[in-house]
Every structure is written in C-alpha cells, then in structure tokens.
Amino acid sequence: MANTRTAPSGTPTNVSQKHNKGGIGESTLRPDGTLKVTGEFAYSSDMWHEDMLWGQTLRSTVAHAEIVSIDISEALAMPGVYSVLTYDDLPAEMKNYGLEIQDTPVLANGRVRHHGEPVALVAADHPETARRAAAKIKIEYRELPLVTDEASALAADAPLIHEGRDDHHAGHVPHPNIVHRQPIIRGNVEEARKRADVIVEGEYTFGMQDQAFLGPESGLAVPSEDGGVDLYVATQWLHSDLKQIAPVLGLPEEKVRMTLSGVGGAFGGREDISMQIHACLLALATNKPVKIVYNRFESFFGHVHRHPAKLYYEHGATKDGKLTHMKCKIVLDGGAYASASPAVVGNASSLSVGPYVIDDVDIEAVALYTNNPPCGAMRGFGAVQACFAYEAQMDKLAAKLGMDPVEFRQLNAMEQGTIMPTGQVVDSPAPVAELLRRVKARPLPPERQWETAGEGADVRALPGGLSNTTHGEGVVRGVGYAVGIKNVGFSEGFDDYSTARVVMSVVNGEPVAMVHTAMAEVGQGGVTVHAQIARTELGVTNVTIHPADTQVGSAGSTSASRQTYMTGGAVKNTCEAVREAVLEIGRRKNGSYHPAWATAELLLEGGKVVTDGGEVLAEIADILDGEDDIDIELEFRHRPTVAFDLVTGQGDGHVQYTFAAHRAVVEVDTELGLVKVVELATAQDVGKALNPLSVVGQIQGGTTQGLGVAVMEEIIVDPKTAKVRNPSFTDYLIPTILDTPSIPVDYLELADPNAPYGLRGLGEAPTLSSTPAVLAAIRQATGLELNKTPIRPEALTGTL
C-alpha cells in the first residue's frame, strides 16, 4: 500500500493453514475458529492507531422534516474536537451514493427522510468527547407530512419521497413513490380459475427483521501522504464500497485502498455503506486516523433491514389436488432510500410461486419509498416474504381439499424440467418431493404428558418454562411443514464475476500456495473452502490465505449464496491454470527422459507430480527450484442471465435454484400465548458438500434466523411518527441458545452440472422455509389462521 504511516494494530495478516490437511469433501476446521471462541480474534472494532481520533455521527430525531438551520458552534468550541462536518463541507460534486440507485446523501441535504438519518459528523480525541460534541449541535426542524404505508405512499396527493427522480427504474412505475415494479404474466389466470374446484385467498403481513449481527459497524480510516486514504473495515463487498466511496471523496479509486478487517456477522446488513464514507471524510479533514464504532442503538439506524411486506395471494386447485392458477401482489416497504430494493423485487416476484408447477400466473411485486427505515439485503432476499405467504396458502388448500399437506405439496412439486413463471427451465435436479419425504419420515420427538408428569417434571422444557409460568396446563403440540425455493448468485443480467490470484512458490524446500481474493469472510467459511480447493487442485498441504483487499480484482459480494460458487469457482480455475504452469515447467525440465510427461494424465498430489496410475514423476519443489514464483490472477463468470421483461416478466433471470424443506414441532401454551419450538428438522440439496461441517452449520444458522422472525423478531416502527421504538437487544429479541431447538439436518448431494464441483449455494434457503414451518405448526396446534409474523402472545390468546 502507498501508505507511509504505521499500520494499525489489528490489521489482518496472512492466515496459514498448514495444520489443516483436508481437501474438498472433508470437514476441515476453520483457521479463525479457535481465535474467535477464545476471544483472540481481531474484529474491526479492535483496530487501533497510535494517534487516532474518534468519529461520531449525529442522526435525525424525526422521520421527515426540512432542516431549517444547523448550529455547530458549541460543538466546535469544545476542547478535544478536531472537526465538525455537515453537507456543505463535503469535498466533491458527487454527494450521494447507493448500491443500484445513487439516491442516498452522505449527510442530509436540507431534508431528512427517515428517523436516524446522518446529519453531521464529529471527530474528537476521545469517544465520549465526540458523543458530547455531537449532542451540542443544534438543529431546527420543520416537520413534513409522513409516508408510512401503501395507502399514504400511493395516494394521488402523496408527498414525494424523492422529487424529480432520474433513474432507469422510474419509467415503468405508475407512481414516483414506487422504487421498482416487476409484473410476471404467464398463461391465462381467468381461464384457469374456471377449472378450479376450490379457491383460497389470503392477506399476509411480514414484519421488519434486523440482521442482528453481533459485531456492530466499525472501521478505521488512515490518511496517506499521497492524499488518499487507507480504510480498514468490516464489509460484505470491498469493491462495491470502493466505487461508492471514491466519488464522494473526490478521489480516484486507486487512492482509496481498502482492507477487510474482522467481521462480526453480516447477513446482508453490511452490503450497503454505513460508516465508511464518514470515517474517510473525517480522516481527510483532520489528516489523522479516525475510528468509528457504532454502539448497538446506532447500529439499528446504521444499516438496512429486511423489507416488511404485505402479500395478497389467490390460489386455485382441482378436487384431485392439482394447482390451477396463482395470482398475487407483493408490496415491499423499501423505506426512505432504494438500497437493494429493485433486486429484492425481482426475487420476490420471480420466486413468488414457490417450488410448485403452476402454468397460469398473474404476479406483481413493488417496492415503495416511505419515511420508514431503509430496507435492503438480508438473508433470503425477497424470497423469505413470499415463502411465508405461499406456504400458508398450500396449507389452506390442503385443508380445504381434505388432503395431507405434505402429499398435496408433493403432488404439485416442481422437478427438473419444470418451467418457471418467468419461462426459465429448471435445468438441474429439483428434489422438492424428496426433501419433503425426508423431513416427514424422520421420527417425531417423543410426546410429553405435562399435566400428568407430577411434581418432578422439568418445567424448563415448557413454553416460558424458564420463568416458571406454567406446569403444562393448556399446552398443546403442533407439527407443520414448509418448503422453499431460492435463487443463487446475482441475477437479471448483472455482470456477476469473481477474481482469484494464486501464487505457487517454494518456501524452505516445500511447495506453498497463496490464495488472494477480495472475498469478504463474514463467518460463512470461505477462507476454509478456498484452502480446501487449493489443496485439491494443486496437491499441496501448505496453503496461505492472503487478507482480502482491493489490491486484487473484485470478488463480488458475500451475499446471494454466491461466494462458494463464484469465488470458489475463481480459485478452482486459477489453481487449474497454476497446475498447468507447474506441469509445463516440469515437461520442459524432465519431459525428455520420461515419456509419461507427454502421454499420461498428470496430477499434483502430496507435493508431487504423479500419473493417474500413481507413478511419481517429480517433486513440485524440485520442478520450481530456480524458477520465478507462478503468479496467476483470473476472473470467473457464471453462465449469463437476462433482465426480466418489465411487462411480462419473462426471461432467464437466475443462474441456479436451491431448495430446502422443514418440519417444525412446537408446543404452545394456549392460555398464556407462549411457544416452544421443540424441533426444526430440515432437508436440503447442496449439490456437493465441499465442507460437510460448514454445510450443517450454515443450514442450522439459517434455520434459526427463520425461527426468530416466526416468533419474536420485529423492528417496531410507530405508524404515527415513523420512529423506531425498539433499537436495542433489550427490546428487539433474537433467539438465544435456550430458544433454539434441536435442528437435525439431512442433506442431498445432487450435482448441478453447470456449477463448480456440482455445488449449490446453500446459506439462504433454510431461512425461507423454517419460518412458515413454525407458523404451520402453531396453526395446527391452535386452529388459528395467523397471517402475520412474528407471532405474538396476544395473537394466540385472542387479546389483540
């Protein structure tokens, strides 16, 4: 890096994996696992520089208002304060940023559009000084009318969240407060409705979920002598950050050097910019390193959330259980700024039919601008909301037809060759019926007879049992099923690619491979898999993972279940090229005296060149002795996709589909409205398990997040003020180990011939179907319809 300053402590260093021997298909251990569980791992909030300042953001206290005046004089006068910045101090002509639409101001420009919007920045020599200085900034607001829901957003006289929109999404939407609209029309719903013997309708409400990662937003910006800045930050997509940061700093991209620091979870919440630009602005203004670390309260305002949604569905079926048609409208609340809303709309619409064969559909999905908190990427990305609704519809249809809910789903399950509502053919295995069969066939947890268990019963296993609220009175059991479909990778014609650099060298007489990518390791285990791929393709034991930074080509985002497919594919292809380079040197040096170099299939195994028959031809270290390091960087792209037609929704928009099914067993105290999830069994097709231990962990983690939104997780926004009411882990509840049930996992390995190693992206799919499975089980236990997440006690006791 072109930085003459002392590197901050906590800077990531190369991670050696010499102690891990495994290649793909083995459950090798994470190189950072021990450090994390012992508390030695350096997260971004642990970064330190000897002469650094602390940054603080002042955020709006109202949701929609004109900024009449800002007085920073008292803040600037405080001892220890180095800088106070507002919109007028921004250095470049570009003052907005955004993932897809550049509609988000770095600092509010005369108007705030949501509660918690950044208005001013402070840099001081102590974090408490920075906080106190921010509190002394005086802002006069003139509050404006609020837009908080579908009705107020789409009214003819609705206040416009963004006047004069000028972007490529606006041309096909009927109202300026619609961020994006995607219809999908296939077949003839009106004719198909005539064939239906039963029709069910439903209106569903999905609450706003937070990613709730445990490591809050944080990073360290260090100005350099060339006028640029080095940024060490926890993020999901280094190069996307770079493209948004550099223009608003007025710097060329090469002067903004980014290095990934330790990430304490992400789940989509770090795909957007949070503190990155603010830290860089303060560092350049003060010519000192600036660290920003959000507290938990600020974290709730510093990142986007999962879109809350209203979903309106109609399904029809014949008396023998075949689906005839589906009609739906999905309304997503995108909040004040676009973020990833256009892509979320694309996913919600194209996956709204679920993993079922329905020839006649009429679908519309929209995302709205409102004065609520901005929403964007979160695990499951549009498909979660749709799955909650269509699975409830499947249960309604099965009940109306008197059919078993699993058999009804299996009867209509898609399979390889099914045509999606977008016209795309599912051209790889789609084992929907088999996944359902597997979760249903699993033995149920034993029934517990609470009312007759006597005084010695362990009431901790009861709903609310740790509070000793019940001894089994009114506790009933329910079982529910759900299955979901999720796309993998970026879709709709996006140029989705990833880059990997691999260097083969000899160190102390042994061959060593170094893998360098810009992939953000956010806990998914990519650094482990990359080393496994390198060992498999290069036949070496010693693999080093270089810290992720922008000195190598983009790896894309750690999202969309894409990194193992995309960056794993890039590592695989680059390793293959390195292997061929090693063999070419070997042929040049040794081919003249051993004919196998020219005639046999050659492999690299155990640090040696061997034939496919096992004959050892040479040591890799000997081949490379006296040679320059082999250093190759290559890009990997998946097969192309196309944008969905904006009128019909037709188009091959997705790269790959993945499927998961769940069976939930719950116990419900119907008198107190408390729920205990006893078991969440799951089955999923992963194509190829590159690391079985990581596969199980990903599935169990995604399942737990789906459980959270089913029974406890929701950001509460006051409809009268559009203010967030519960921005803390005291009031925003997430599942703890005491809430998490047994999650037995059954995974299939049905290879996708289009993917590296036949793998399927797997991280998101279990988040889809776990939520509706839990809801289905609660409905089965109580007989209630329950069309809203999360389920609250008052919904179960009838005291709403």
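Parameters and conventions
- Residues numbered from 1 in each chain as written.
- Predicted model: local features only at pLDDT ≥ 70, side-chain atom pairs only at ≥ 80, totals over all residues.
- Heavy atoms only, no water.
- Helix = DSSP H or I, 4+ residues; strand = E, 2+ residues; numbered from the N terminus.
- Rg over C-alpha atoms; globule rule 2.2 N^0.38 Å.
- Buried < 20%, exposed > 50% of the residue type's maximum accessible area, 1.4 Å probe, protein only.
- Arc of directions from axis to C-beta.
- Contact = heavy atoms within 4.5 Å.
- Expected span 1.5 Å × (residues − 1).
- Salt bridge = Lys/Arg side-chain N within 4 Å of Asp/Glu carboxyl O.
- Pairing = 2+ DSSP bridges.
- Axes fitted to C-alpha atoms, helices over the stretch in contact; angles between N-to-C directions.
- Phe/Tyr/Trp six-rings, centres within 6.5 Å; stacked < 30°, edge-to-face > 60°.
- Lys NZ or Arg CZ within 6 Å of the ring centre and 35° of its normal.
- Left-handed = near helix turned anticlockwise from the far one by under 90°.
- Nonpolar A, V, L, I, M, F, W, Y, C, P; charged D, E, K, R; others polar.
- pLDDT = per-residue confidence, 0-100.
- Polar contact = N/O pair within 3.5 Å; in protein donor to acceptor, adjacent residues only side chain to side chain.
- Patch = residues over 30% accessible without salt bridge, like charges linked within 9 Å, V, L, I, M, F, W, Y side chains within 5 Å.
- Areas by Shrake-Rupley, 256 points an atom, 1.4 Å probe, with all protein chains shown as cover.
- Disulfide = S-S within 2.5 Å.

Draft legend 1. Here's a closer look at the overall build of the protein. In terms of helices and strands, the protein carries 19 helices and 29 strands. The C-alpha radius of gyration of the protein comes to 27 Å, within 12% of the 28 Å expected for a compact globule of 800 residues. Overall, the protein is about 80 × 75 × 65 Å in size when its C-alpha atoms are taken along their principal axes. The buried share of the protein, reckoned over its 800 residues, is 61%.

Draft legend 2. How the structure looks around helix 12 (residues 432–441). Turning to helix 12, its buried residues are Val-432, Leu-435, Leu-436 and Val-439. Buried residues of helix 12, seen end-on, are gathered within an arc of 95° and therefore sit on one face of the element. Structurally, helix 12 contributes buried residues whose contacts are with helix 11 (405–411), strand 19 (475–488), strand 27 (656–669), strand 28 (674–685) and strand 29 (745–748).

Draft legend 3. Focus on helix 6 (residues 238–249). Taking 1.5 Å of rise per residue, 12 residues should cover 16 Å, and helix 6 covers 16 Å from first to last C-alpha, within 8% of that figure. Taking burial as the measure, the 12 residues of helix 6 include 10 buried ones, the bulk of the element. All of the buried residues along helix 6 are Leu-238, His-239, Ser-240, Asp-241, Leu-242, Gln-244, Ile-245, Ala-246, Val-248 and Leu-249. Looking at the buried positions of helix 6, the neighbouring elements they touch are strand 5 (96–97), strand 13 (229–233), strand 14 (256–260) and helix 7 (276–286).

Draft legend 4. The arrangement of the pattern of salt bridges in detail. All told, the structure shown has 44 salt bridges when counted by the stated rule. Ionic pairing is found between Glu-163 and Arg-111, a salt bridge with its closest N-O pair at 2.8 Å. Within this pair, whereas Glu-163 is found in the loop between helix 4 (150–154) and strand 10 (178–186), its partner Arg-111 is found in strand 7 (residues 111–112), the two being separated by 52 residues in sequence. Relative accessible area serves as the criterion here: at 48%, Glu-163 is assigned to the partly exposed category. Taken together, the salt bridges that share partners define one network made up of Arg-30, Asp-32, Lys-36 and Glu-521.

Draft legend 5. Summary view of the sheet that holds strand 18 (residues 360–368). With mixed pairing, the 5 strands of this open sheet are ordered in space as 10-18-17-16-11. The open sheet has two edge strands with one neighbour each: strand 10 and strand 11 (198–206). The mean angle between the axes of side-by-side strands here comes to 5°, regardless of whether they run parallel or antiparallel. Two elements, strand 10 and strand 18, share 8 bridges in a ladder whose sense is antiparallel. Paired with Ile-178 across the bridge in strand 18 is Leu-368. Contacting strand 10, strand 17 (323–333) and strand 18, helix 9 (residues 341–350) runs over the sheet at an angle of about 20° to strand 10.

Draft legend 6. The sheet that holds strand 15 (residues 290–293), seen in detail. What the 7 strands build is an open sheet, ordered 4-8-2-15-12-13-14; its pairing is mixed. Each end of this open sheet is capped by a strand with a single partner; those strands are strand 4 (81–85) and strand 14. Shown here is a sheet whose adjacent strand axes are inclined to one another by a mean of 20°, direction ignored. With 5 bridges connecting them, strand 12 (residues 218–223) and strand 13 associate as antiparallel partners. Directly across from Val-222, in strand 13, lies its bridge partner Asp-230. Contacting strand 2 (53–59), strand 4 and strand 8 (118–124), helix 3 (residues 127–135) crosses the sheet at an angle of about 25° to strand 2.

Draft legend 7. Inspection of the packing of aromatic side chains at higher detail. Scanning the model with the defined rule gives 11 aromatic pairs in all. Between Tyr-204 and Phe-388, the aromatic rings sit 5.9 Å apart at their centres with planes inclined by 80°, giving edge-to-face as the arrangement. Note that Tyr-204 is positioned in strand 11 and Phe-388 in helix 10 (residues 383–401), a separation of 184 residues in sequence. Of the two residues examined, Tyr-204 and Phe-388, each falls in the buried class. An angle of 70° between the planes, with centres 5.8 Å apart, marks the rings of Phe-206 and Phe-388 as edge-to-face. With Phe-206 in strand 11 and Phe-388 in helix 10, the pair connects residues that are 182 residues apart, well separated along the chain. Considered together, Phe-206 and Phe-388 belong to a single accessibility category, that of buried residues. For Lys-36, the ring lying beneath its charged end belongs to Phe-41, and the centroid distance is 4.9 Å. We note Arg-562 situated over the ring of Phe-490; from NZ or CZ to the ring centre the distance is 5.0 Å.

Draft legend 8. Quick peek at the packing of helix 6 against helix 7. One way to put it is that helix 6 packs onto helix 7 with a least axis distance of 10 Å and a crossing angle of 35°. Regarding helix 6 and helix 7, the two cross each other, and that crossing is right-handed. When helix 6 is examined against helix 7, the residues Asp-241, Gln-244, Ile-245, Val-248 and Leu-249 are found in contact with a partner set consisting of Gln-276, Ile-277, Cys-280, Leu-281 and Leu-284. Among the residues forming the contact of helix 6 with helix 7, the class breakdown is 7 nonpolar, 2 polar and 1 charged.

Draft legend 9. Local environment of the confidence of the model for the protein. Here the protein averages 94 in pLDDT, while 96% of its residues score no lower than 70. Note on residues 1–5: pLDDT under 50 across the span, and 19 contacts to partners over four residues away in sequence or across chains. Contacts for the low-pLDDT stretch residues 15–20, under 50 throughout, to residues beyond four places or in other chains number 19 contacts.

Draft legend 10. Region of interest: the side chain of Glu-314. With respect to the helices, strands and loops of the structure, Glu-314 is situated in strand 16 (residues 309–317). At 2.8 Å, the side chain of Glu-314 forms a polar contact with the side chain of His-325. Among residues more than four places away in sequence, those in contact with Glu-314 are Arg-193, Ile-199, Val-200, Glu-201, His-325, Met-326, Lys-327 and Gln-393.

Draft legend 11. Layout of a nonpolar patch on the surface. A contiguous nonpolar patch, built from Leu-466, Ile-737 and Leu-738 and spanning about 350 Å² of accessible area, is present on the exposed surface. Inspection of the secondary structure puts Leu-466 in the loop between helix 12 and strand 19. We classify Leu-466 as exposed; its relative accessible area is 53%.

Draft legend 12. Just the side chain of His-278, in detail. By the secondary structure assignment, His-278 is in helix 7. Taking the relative accessible area as the measure of exposure, His-278 reaches 4% and is therefore buried. Sequence-distant contacts of His-278, defined by excluding residues within four places in its chain, comprise Thr-57, Val-106, Leu-107, Pro-118, Leu-121 and Ile-292.

Draft legend 13. Representation of the packing of helix 10 against helix 18 (residues 765–782). Contact geometry for helix 10 and helix 18: axes closest at 8 Å, N-to-C directions at 35°. Helix-helix and strand crossings are classified by hand; for helix 10 and helix 18 the assignment is right-handed. In contact with Ala-383, Val-384, Cys-387, Phe-388, Glu-391, Ala-392 and Asp-395 of helix 10, helix 18 contributes Thr-767, Leu-768, Ser-769, Pro-772, Leu-775, Ala-776 and Arg-779. Within the contact of helix 10 with helix 18, the residues separate by chemical class into 9 nonpolar, 2 polar and 3 charged.

Draft legend 14. How the structure looks around unusual backbone geometry. Across the junction of Thr-789 and Pro-790, the peptide omega takes the value -10°, indicating a cis bond. Mapped onto the elements, Pro-790 comes out in the loop between helix 18 and helix 19 (793–797). If you check the backbone angles, Asn-508 has positive phi at about 55° while not being a glycine. Secondary-structure assignment places Asn-508 in the loop between strand 20 (497–507) and strand 21 (510–516). The exposed category is assigned to Asn-508, whose relative accessible area is 78%. In this model, Tyr-757 sits at a positive phi of 60°, which is unusual for a non-glycine residue. Mapping Tyr-757 onto the fold places it in the loop between strand 29 and helix 18. Given the relative accessible area of 22%, Tyr-757 is considered partly exposed.

Draft legend 15. A look at the state of the cysteines. Tallied over the entire structure, the rule returns 0 disulfides. Between Cys-328, a free cysteine, and Cys-387, which holds the nearest cysteine sulfur, the sulfur-to-sulfur gap is 13 Å. On the basis of relative accessibility, which here comes to 6%, the residue Cys-328 falls in the buried class.

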